[in-house]
Amino acid sequence: MSALELPAGVVIDAANKPGFEKVLTKEAVAFLADLQRRFGARREELLALRGERQKRLDAGEKPDFLPDTKEIRDSDWTVAPLPKDILDRRVEITGPVDRKMIINALNCGANVFMADFEDASTPTWANMIEGQYNLADAVRGQIDYVDPQSGKAYKLNDKIATLFVRPRGWHLLEKHVTVDGKPMSGSLFDFGLYFFHNAKTAVERGTGPYFYLPKLESHLEARLWNEVFVHAQNVVGVPQKSIKATVLIETILATFEMDEILWELKDHSAGLNCGRWDYIFSFIKKFREQEWAVLPDRGQVGMTSHFLRSYSQLVIKTCHRREVHAMGGMAAQIPIKNDPVANDAAFAKVRADKEREVRDGYDGTWVAHPDLVPVAKEVFDRMMPEKNQLSRVRAHVRVLRDDLLKIHTGSKTEEGFRLNIRVGVQYLEAWLRGRGAVPIYNLMEDAATAEISRAQIWQWIKYEAELEGGIVVTPKFFERALGEEMERVEAEVGADNYAKGRFPEAIALFRDISLAPEFVEFLTIAAYPLIM
């Protein structure tokens, strides 16, 4: 392919395939550079504030609702009215941005497909740019695919899901692009390319540029997104309020600022979502220097535990008071095709979880696999005949700071520790090979699973947790368990697949971050230098 024509100050250091020039046009890259120059410095300031806050938490400070924004929490206001095509979001499916996945997800019967540049995608250059190319075709209704192995052809149905896009979080960079000598924000890169190429077309086709925003820790971070949205709409020439964004409440700190986050985004808000795995990871990470925050086996920390149920109830109450959607959590189960009994049990668990969500007042929910769409849809159709439950205000719900910080008691087991090792390393190995959504032990896992696995191991080692049976978790025990569990994984995946994979790198990185004296903020940042 011919060399890219780039605006002044921009360098792209990556191998570009034919077709990439259609995504990386000079005009599109100029738009990216403008976003980076305008908003990059404030992004860095906000990340520095995260670091300052962490020091206070390490010293023993506990988060609380902000006194300075009490008026926002106490006063009556609502977000801007929602577009018709996102009033009913009862079932949403998420997944990476490869071509076949996009077609299957849009066709599967879900109301919404969230195309994910974040936790379900490894941010290789090829994955990110091909994903943008694929989504541009999807927005125009012209995406198709022929499987090179089977010859099977895929194309869009007449009726498809509404498209949302999740860019990377504020903490992540796009290392292949520098603007004035500095790496570009991954958030602004993903958002900017998608918005520049597709916003006008989406509006013309009766929908809009809709987004999910991950990993926010404060309303100030939401304010920055809102400033980006206002500027982008002006530059590209779509009406203000065309953008609608759902914020994932997946950090413990954001829980204390949900009203404020909706306030900052009120012209562009499409509600809040419960990101449960990342939320537990955040709990461990933020309170890493506090022994009171040591959690039991992650499998025991369900949405009925007090601190998660409190957070879940507060999400619904906050959203409905502001007349916007509260979206439930992920059902990560996938079909167990060789075991009908186990498959029925897994689907029954999903059904019960979704019934809890709709009873509580959620307006919709997430699934990871197309076969779970009818399971979740049946529950919401049966129990929520209207488009949503925004009219259920939940005024009686009262959640205090201590409710959100009440530690879940349970057991710490050797099997739970070893499962964390197996899942964490297997996910990381697949991520290094370019796969961000990975089926492991009948669950569709993304980066949040690896994060909670390694965070819990680090926490248990730091505080020398005693497991049922009397074993004390030490670095020596971790090393022994890691070796034994990798032998088990090799037997499970087969020696040939194990040898062809990137297990040595995955094991080394998993060991390093699990034994690090200081907690590593994000696994994906540590792993990013290992991919192209």
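Our subject is the structure listed above.
The following paragraphs examine the structure supplied in this document. (Residues numbered from 1 in each chain as written. Predicted model: local features only at pLDDT ≥ 70, side-chain atom pairs only at ≥ 80, totals over all residues. Heavy atoms only, no water.)

Roughly 1100 Å³ of internal volume is contained in the largest pocket. Taken together, 49 residues line the largest pocket, and the ones lying closest to its centre are Gly-95, Pro-96, Asp-98, Met-101 and Ala-437. Elements with a contribution of two residues or more to the lining of the largest pocket: β2 (91-95), α4 (99-107), α5 (125-139), β11 (269-274), α9 (276-286), β12 (326-331), β15 (443-445) and α15 (447-462). Looking at which element gives the most residues to the lining of the largest pocket, the answer is α5, with five residues. Of the residues that constitute the lining of the largest pocket, the class distribution is 20 nonpolar, 16 polar and 13 charged. Of the volumes computed, that of the second largest pocket is approximately 920 Å³. Among the secondary structure elements, those contributing two or more residues to the lining of the second largest pocket are α9, β12, α11 (340-360), α14 (414-432) and β15. With seven residues, α11 is the single largest residue contributor to the lining of the second largest pocket. (1 Å grid on protein atoms, 1.4 Å probe; cavity = no way out; pocket = protein on both sides within 12 Å on 5 of 7 lines; lining within 4 Å. Points joined across faces, edges and corners; volume = space filled by probe spheres on them. Helix = DSSP H or I, 4+ residues; strand = E, 2+ residues; numbered from the N terminus. Nonpolar A, V, L, I, M, F, W, Y, C, P; charged D, E, K, R; others polar.)

Bringing the sheet that holds strand β1 (residues 10-12) into the picture now. Taken in spatial order, the three strands of this open sheet run β1-β7-β8, and their pairing is antiparallel. Because the sheet does not close on itself, it has two edges, and the strands there are β1 and β8 (182-185). Each neighbouring strand pair of the sheet contributes to a mean axis angle of 50°, computed without reference to strand direction. As defined by bridge partners, strand β7 (residues 173-179) adjoins β8 across four bridges and the pair is classed as antiparallel. Opposite Leu-173, over in β8, you have Ser-185 as the bridge partner. Against the sheet, helix α2 (residues 26-58) touches β1, β7 and β8, its axis set at about 95° to β8. Sheet strands in contact with helix α6 (residues 186-204) are β7 and β8, and its direction is about 55° off that of β8. (Pairing = 2+ DSSP bridges. Axes fitted to C-alpha atoms, helices over the stretch in contact; angles between N-to-C directions. Contact = heavy atoms within 4.5 Å.)

Glancing now at the pattern of salt bridges. The full count for this structure, using the stated rule, is 58 salt bridges. Here Lys-26 ties to Glu-5 by a salt bridge, and the two come within 3.5 Å at their closest N and O atoms. Of this pair, Lys-26 sits in helix α2 while Glu-5 sits in the segment before β1, and the two are 21 residues apart along the sequence. Here Arg-73 and Glu-260 are joined by a salt bridge, their closest N and O atoms 2.8 Å apart. With Arg-73 in helix α3 (residues 70-74) and Glu-260 in helix α8 (residues 258-264), this residue pair connects regions lying 187 residues apart in the sequence. Comparing Arg-73 with Glu-260 shows no difference in burial state: the two are buried. Residues participating in the shared-partner salt-bridge network are Asp-116, Glu-118, Asp-119, Arg-166, Lys-215, Glu-250 and Asp-278. (Salt bridge = Lys/Arg side-chain N within 4 Å of Asp/Glu carboxyl O. Buried < 20%, exposed > 50% of the residue type's maximum accessible area, 1.4 Å probe, protein only.)

Positionally, Glu-118 belongs in the loop between β3 (112-116) and α5. Looking at Glu-118, its side chain comes within polar contact range of the side chain of Arg-166, at 3.3 Å. Other than its neighbours up to four places away in sequence, Glu-118 contacts Arg-166, Pro-167, Arg-168, Gly-169, Pro-214 and Lys-215. (Polar contact = N/O pair within 3.5 Å; in protein donor to acceptor, adjacent residues only side chain to side chain.)

Here we come to the packing of α2 against α6. When two helices pack together, you describe them by how their axes are tilted relative to each other and by the distance separating the axes. Taken N-terminus to C-terminus, the directions of α2 and α6 make an angle of 135°; their axes are 9 Å apart at the nearest point. Between α2 and α6, the angle is such that the two are oblique. Here the hand of the crossing between α2 and α6 comes out right-handed. Contacts between α2 and α6 involve Glu-27, Ala-28, Phe-31, Leu-32, Leu-35, Gln-36 and Phe-39 from the first element and Leu-188, Phe-189, Phe-191, Gly-192, Leu-193, Phe-195, Phe-196 and His-197 from the second. Among the residues making up the contact of α2 with α6, the classes are represented as eleven nonpolar, three polar and one charged. (Parallel < 35°, antiparallel > 145°, perpendicular 65-115°, else oblique. Left-handed = near helix turned anticlockwise from the far one by under 90°.)

Turning next to the packing of aromatic side chains. Considering all chains together, one arrives at 28 aromatic pairs under this definition. Note on Phe-191 and Phe-211: the rings are 5.0 Å apart at their centroids and 55° apart in plane angle, and the pair reads as tilted. Here Phe-191 is found in helix α6, whereas its partner Phe-211 is found in strand β9 (residues 210-213), with 20 residues between them in sequence. The class of Phe-211 is buried, set by a relative accessible area of 1%. Relative to Phe-503, the ring of Tyr-498 lies with its centre 4.2 Å away and its plane at 15°, an arrangement referred to as stacked. (Phe/Tyr/Trp six-rings, centres within 6.5 Å; stacked < 30°, edge-to-face > 60°.)

This part covers α2. An ideal rise of 1.5 Å per residue puts 48 Å on 33 residues; α2 measures up with 46 Å between its terminal C-alpha atoms. Where α2 bends most, the angle comes to about 50°, and this point is Phe-39. (Expected span 1.5 Å × (residues − 1). Bend = angle between axes of the 7 residues up to and from the residue.)

Burial runs high along β12: five of the six residues are buried. By the bridge criterion, two bridges tie β11 to β12 in an arrangement that is parallel. Paired with Asn-273 across the bridge in β12 is Met-327. In this sheet, strand β13 (residues 364-367) lies alongside β12 in parallel orientation, the contact comprising three bridges. Bridging across to β13, Met-330 finds its partner in Trp-366. Between the parallel elements β12 and β13, the chain passes through α11 in a crossover that is right-handed. (Right-handed = clockwise from strand over helix to strand, strands pointing away.)

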